[in-house]
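Breakdown of the fold
So you can see what is in the structure, the chains are spelled out below.
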Amino acid sequence: ELEEIAGEALEKTVHFEPPVSQAELLTYTTSADIGLIPYAPCDLNTLYCMPNKMFEYIQACLPILANDLVEVGNIISSIGGGGLVADLNTPEGVAKGIEAMRSRDLKADRQKLAAVRDRFCWEHEAKRYMDIINNTMASPAKSVASSTASGPASSSPTSSGLGSSELKRPLG
């Protein structure tokens, strides 16, 4: 149905491929010019979501065009390039975003993503998670005491191991 809507006008710029296995996915991803994250921020879950595609695109060094989602925008901003955040909530917004990407230096975006891709992978994050798990298991009394000492606020984002300086935007 999407192919019919796109029609022949987009035939040379938009390609509709059949589903592929996870093993083949990176090959297809790296052959693209840009990666699109069009999720509409229609609720808090989506506004603060972090799609797996974001990390696939970073690993593939694929410049990213994303809707204005909090954490996606934070990562693109922290990289200092690699793509752009735009209002993709209307067909006109998507068209403007694609045009903006076409005028960017996509080679420079790919280089920015290549420079940070080791930072956005499981191998990098695994050490942090293992340290948290090991520290918690090493002193369970301390963890329980600190959780109860903080009271009801312990379920807030700042008690999850993130310092308040790491939260870019207030929740809610």
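Residues numbered from 1 in each chain as written. Predicted model: local features only at pLDDT ≥ 70, side-chain atom pairs only at ≥ 80, totals over all residues. Heavy atoms only, no water.

**Considering the pattern of salt bridges**
Short version of the rule: One side-chain nitrogen of Lys or Arg within 4 Å of one carboxyl oxygen of Asp or Glu is enough to make a salt bridge. Only DSSP runs of H or I covering at least 4 residues are called helices, and only runs of E covering at least 2 are called strands; the numbering of each starts at the N terminus. Relative accessibility thresholds used throughout: buried, under 20% of the residue-type maximum; exposed, over 50%; partly exposed, between the two (1.4 Å probe, protein chains only).
Evaluated as defined, the whole model comprises five salt bridges. For R128, the salt bridge goes to E125, with nearest N and O atoms at 3.3 Å. Taken as a pair, R128 and E125 lie in helix α8 (residues 122–138) at a separation of three residues, close to a single helical turn. Judged by its relative accessible area of 45%, R128 is partly exposed.

**A short note on the environment of G80**
Along the chain, the position of G80 falls in the loop between α5 (70–79) and β3 (83–86). On the accessibility criterion, G80 (47% relative accessible area) is partly exposed. Distance in space between the C-alpha atoms of G80 and L113 is 9.5 Å, their sequence separation being 33 residues.

**Examining the sheet that holds strand β1 (residues 35–37)**
This is how it is decided: Pairing between strands requires that DSSP locate at least two bridges from one strand to the other. Axis definition: a line fit to C-alpha positions, over the contact stretch in the case of helices; interaxial angles, taken between N-to-C directions, run 0 to 180 degrees.
Spatial ordering of the open sheet is given by β1-β2-β3, a layout of three strands whose pairing is parallel. Bordering the open sheet on either side are β1 and β3, each of which pairs with just one other strand. Direction aside, the axes of adjacent strands within the sheet are offset by 15 degrees on average. Summarising the sheet, β1 and strand β2 (residues 64–67) pair through three bridges and their orientation is parallel.

**Structural notes on unusual backbone geometry**
Notably, C61 is not glycine yet its phi reads approximately 55 degrees, a positive angle. You can see C61 is positioned in the loop between α4 (52–59) and β2. Judged by relative accessible area, which is 9%, C61 ranks as buried.

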